[in-house]
Amino acid sequence: MAPKGKVYRGSVKDFPGFDASQDAEALYNAMKGFGSDKEAILDLITSRSNKQRVEICQAYKSLYGKDLIADLKYELTGKFERLIVSLMRAPAYSDAKEIKDAIAGIGTDEKCLIEILASRTNEEIHNLVAAYKDAYERDLEADIVGDTSGHFKKMLVVLLQGTREEDDVVSEDLVEQDAKELLEAGELKWGTDEAQFIYILGRRSKQHLRLVFDEYLKISGKPIERSIRGELSGDFEKLMLAVVKCVRSTAEYFAERLYKAMKGLGTRDNTLIRIMVSRSEIDMLDIREVFRTKYEKSLYNMIKEDTSGEYKKALLKLCGGDDDAAGEFFPEAAQVAYRMWELSAVAKVELRGTIQPAGSFNDDGDAQVLRKAMKGLGTDEGAIIDVVTQRSNAQRQQILKAYKAHYGRDLMADLKSELSGSLAKLILGLMLTPAQYDAKQLRKAVEGAGTDESVLIEIMATRNNQEITAINKAYQQAYNKRLEDDLSSDTSGHFKRILVSLALGNRDEGPENLTQAHEDAKKLADVSSNDSSDSLETRFLSILCTRSYPHLRRVFQEFIKMTNHDVEHAIRKRMSGDVREAFIAIVRSVKNKPAFFADKLYKSMKGAGTDERTLTRIMISRSEIDLLNIRGEFIDLFDKSLHHMIEKDTSGDYRKALLALCGGED
């Protein structure tokens with residue numbers, strides 16, 4: 001069933017000893033008389049390949065002079081009927097029916113059009129066009145042109161031609177040219193040359209486009225997805241993003257579509273049915289592995305929790321297995337899972353903060369503005385926010401000195417007496433040096449009753465050697481105590497050992513060593529399959545807390561090659577509590593630090609209530625390091641901007657100050 005030379009990655013295979021007439025008779029008996037044997041119907045149909053189902057339809061008509069699909073429609077109802085009937089159609093006819101339904105009547109289901117046309121191969125597109133003509137005696141291109149408009153319509157028409165290049169031999173010169181032309185058509189142009197995006201993304205081979213996206217990242221400092229979001233809009237933007245996702249990994253695209261179909265209240269059953277049917281004989285095993293890695297639960301379990309009855313049973317049969325169960329390994333898909341975050345390492349992306357040194361800076365002038373804002377009755381919070389959030393940290397330190405020299409007063413003390421609540425914490429935090437601020441957060445996390453382990457993990461797992469050294473010095477100066485001593489006295493076991501190791505600030509800073517990386521990955525893989533928890537955590541500590549980031553990225557890649565699992569999956573499976581959270585934070589920081597902080601920010605604001613401590617801490621600490629990168633990751637991960645979420649989730653002067661630090665709407 002797989003193309004020659006390729007491993008079959010579908011979950012549904014040809015049934016051995018298949019007999020079309022025997023199956024037709026079994027289905028006839030299951031529908032004969034009062035009621036129908038739904039269990040027998042779903043067991044038979046979900047265990048036959050599509051080619052075999054088509055033969056069953058023909059045998060049914062020969063034996064009984066009846067249309068099997070019509071009988072199934074009559075006997076079954078609801079979502080279960082839609083699923084079973086869809087399975088009985090040949091793939092091209094199933095796609096044709098989906099598109100016909102998407103454009104029929106009032107309104108258009110653009111998401112369905114995007115999903116099908118962005119993900120199908122040239123051969124699948126040609127078969128779809130022919131099936132549409134055969135089934136409805138209409139021209140598919142003419143129907144789509146009549147039902148859509150603008151650049152969205154143009155790109156759909158290009159995709160409908162099924163003429164994407166398929167040559168795997170790639171010209172480096174053309175890769176560089178295409179990347180440059182995309183940059184000039186969008187980011188470097190007043191307005192956007194949509195035609196250039198349509199031509200390149202609609203015609204070039206997938207292999208070529210993957211290299212174009214890597215080159216684009218190198219020359220622009222941002223992934224192509226972020227530029228598409230900034231330059232395009234509406235359904236055209238969604239279509240182009242879908243094309244890019246399918247070029248990068250079709251399996252990841254469908255894993256995301258399935259997750260969104262089931263998350264939250266209600267289930268998008270049409271999407272769920274369409275994908276489970278259409279991918280069951282193509283790449284369902286890949287989709288399952290990506291799903292498990294990306295969403296930390298198996299597709300099987302999510303379907304099980306989100307559906308019911310025979311509909312659920314049929315979907316689970318198509319899914320083909322539970323990846324949370326032992327022994328489920330998919331080597332090819334594990335490499336796809338690795339590439340999901342390896343892309344960020346293709347080019348050295350420049351880390352960029354949102355706060356830059358103010359031009360024409362005058363420390364004494366700023367000191368006077370701040371004094372005036374706090375003098376007399378009432379406080380001008382707006383003036384304070386404007387000054388403090390628009391100066392770099394080095395400039396704020398100069399303002400502190402100028403204020404004392406001019407007025408003989410402590411600016412920090414004055415700000416503390418004039419401001420209150422969340423705004424006070426934000427402004428006062430900005431006035432400290434980064435090391436002083438981190439030291440203060442760590443001190444708060446360990447003093448008093450109870451320990452805030454999440455703060456210890458966030459700071460210690462993400463700071464580099466230089467930052468850790470500065471924190472140690474600031475902690476000693478502020479509290480006359482060694483940070484290492486406080487961490488040791490307030491934590492215990494392997495968690496304490498992790499924190500103490502990180503507090504030394506002596507992580508190797510060299511490049512990757514492939515031989516050593518292979519050995520390190522083997523040590524982690526060997527100990528992950530060992531029952532001794534003590535040696536497991538010790539071995540992970542000795543590698544994750546001491547090796548350089550570039551080296552660890554290579555270790556993680558080698559680990560996947562050996563085990564077919566992401567290292568984070570192994571940590572989640574074998575560890576627990578603060579030790580697990582600390583190692584996961586290190587792994588995510590190594591993979592993609594801006595994405596780690598984007599996730600923390602999202603969690604601080606989602607749901608009821610806002611975790612203002614986390615929100616404030618990250619906005620302060622990352623504003624001059626990588627907050628622009630975090631903003632980009634935020635919108636990539638959550639389909640909404642950080643600016644929008646802050647605006648919706650906070651209020652008053654605190655919101656105004658946070659938005660100033662955020663630096664703009666994406």
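Residues numbered from 1 in each chain as written. Predicted model: local features only at pLDDT ≥ 70, side-chain atom pairs only at ≥ 80, totals over all residues. Heavy atoms only, no water.

1. Digging into the overall build of the protein
When its secondary structure is counted, the protein shows 39 helices and 0 strands. Its C-alpha atoms give the protein a radius of gyration of 29 Å, within 12% of the compact-globule value 26 Å for 666 residues. For the C-alpha atoms alone, the extent of the protein along its principal axes is close to 100 × 60 × 55 Å. Each of the 666 residues in the protein was classed as buried or not, and the buried ones make up 52%. Nonlocal contacts in the protein, meaning residues at least 24 apart in sequence, comprise 73% of its contacts between residues at least 6 apart. Considering the protein, the positive charge centre built from 99 side chains and the negative charge centre built from 109 side chains are found 3 Å apart. (Helix = DSSP H or I, 4+ residues; strand = E, 2+ residues; numbered from the N terminus. Rg over C-alpha atoms; globule rule 2.2 N^0.38 Å. Buried < 20%, exposed > 50% of the residue type's maximum accessible area, 1.4 Å probe, protein only. Contact = heavy atoms within 4.5 Å. Lys, Arg positive; Asp, Glu negative; His and termini not counted. Charge placed at Lys NZ, Arg CZ, Asp CG, Glu CD.)

2. Topic: a positive patch on the surface
Side chains of K111, K238, K263, R268 and K606 sit close together on the surface and give a patch of like positive charge. Within the secondary structure layout, K263 lies in the loop between α15 (234-262) and α16 (269-279). Residue classification places K263 among the partly exposed positions, given a relative accessible area of 44%. (Patch = residues over 30% accessible without salt bridge, like charges linked within 9 Å, V, L, I, M, F, W, Y side chains within 5 Å. Areas by Shrake-Rupley, 256 points an atom, 1.4 Å probe, with all protein chains shown as cover. Salt bridge = Lys/Arg side-chain N within 4 Å of Asp/Glu carboxyl O.)

3. Points about the environment of M262
Counting through the fold element by element, M262 comes out in helix α15. Among residues more than four places away in sequence, those in contact with M262 are T267, L272, L299, M302, I303 and D306.

4. A closer look at the packing of aromatic side chains
Taken as a whole and assessed by the stated rule, the structure comprises 13 aromatic pairs. A centroid spacing of 4.0 Å and a plane angle of 10° characterise the contact between Y28 and Y64, whose relative ring orientation is stacked. Of this pair, Y28 sits in helix α1 (residues 20-31) while Y64 is found in helix α3 (residues 50-64), placing the two residues 36 residues apart along the sequence. Of the residues examined, Y28 reaches a relative accessible area of 26% and is grouped as partly exposed. Using a relative accessible area of 25% as the deciding quantity, one classes Y64 as partly exposed. Among the aromatic residues, those joined into a cluster by ring pairs are Y28, Y60 and Y64. Sitting over the ring of Y407, R371 keeps its end group 5.9 Å from the ring centre. (Phe/Tyr/Trp six-rings, centres within 6.5 Å; stacked < 30°, edge-to-face > 60°. Lys NZ or Arg CZ within 6 Å of the ring centre and 35° of its normal.)

5. Re the packing of helix α29 (residues 483-490) against helix α30 (residues 493-503)
The packing of two helices is summarised by the inter-axis angle and the distance between the axes. Two elements in contact, α29 and α30, have axes whose closest approach is 9 Å; the angle formed by their N-to-C orientations is 175°. In terms of orientation, α29 and α30 fall into the roughly antiparallel class. Residues E484, L487 and S488 of α29 pack against K496, L499, V500 and A503 of α30. Its residues assigned to classes, the contact of α29 with α30 shows 4 nonpolar, 1 polar and 2 charged. (Axes fitted to C-alpha atoms, helices over the stretch in contact; angles between N-to-C directions. Parallel < 35°, antiparallel > 145°, perpendicular 65-115°, else oblique. Nonpolar A, V, L, I, M, F, W, Y, C, P; charged D, E, K, R; others polar.)

6. Side note on the environment of E512
Topologically, E512 is positioned in the loop between α30 and α31 (514-528). A residue is classified by how much of its surface remains accessible, and E512, at 37% relative accessible area, is partly exposed. Sequence-wise, E512 and L209 are 303 residues apart; in three dimensions their C-alpha atoms are separated by 27 Å. Setting aside residues up to four positions removed in sequence, E512 forms contacts with P550, H551 and R554. A polar side-chain atom of E512 sits 3.1 Å from a polar atom in the side chain of R554. (Polar contact = N/O pair within 3.5 Å; in protein donor to acceptor, adjacent residues only side chain to side chain.)

7. What about unusual backbone geometry?
Even without a glycine there, the phi angle at E137 is positive, about 50°. With respect to the helices and strands, the residue E137 is situated in the loop between α8 (122-136) and α9 (140-147). Despite not being glycine, S360 shows a phi value in the positive range, around 50°. Relative to the elements of secondary structure, S360 occurs in the loop between α20 (331-342) and α21 (363-374).

8. Concerning the pattern of salt bridges
Going through the model one piece at a time under the given rule, you end up with 50 salt bridges. With its nearest N and O atoms 2.8 Å apart, the salt bridge here joins R138 to D143. The buried category is assigned to D143, whose relative accessible area is 12%. In this structure, R292 engages E289 in a salt bridge whose closest nitrogen and oxygen atoms are separated by 2.5 Å. Of the two residues, R292 and E289 are both situated in helix α17 (residues 284-295); the distance of 3 residues between them amounts to about one turn of the helix. For R292, a relative accessible area of 5% corresponds to the buried category. The buried category is assigned to E289, whose relative accessible area is 1%. Overlapping salt bridges, with partners in common, bring together E568, R572, R588, K591, D599 and K603 in one network.

9. Some words on the nonpolar core
With 99 residues, the main nonpolar core has F540, F583 and M619 as its most contacted residues. When residues of this core are assigned to their parent elements, the largest contribution, 14 residues, is made by helix α35 (residues 577-605). Within the second largest apolar cluster, 97 residues are counted, among which are L117, L128, Y253 and F254. (Core = buried A, V, L, I, M, F, W, Y, C linked by side-chain atoms within 4.5 Å.)

10. Side note on the side chain of S280
Structurally, S280 is set in the loop between α16 and α17. On the basis of relative accessibility, which here comes to 2%, the residue S280 falls in the buried class. At 3.0 Å, the side chain of S280 and the backbone oxygen of V277 are in polar contact. Residues contacting S280, with those up to four places away along its chain left out, are Y8, G10, S11, V12, I275 and L318.

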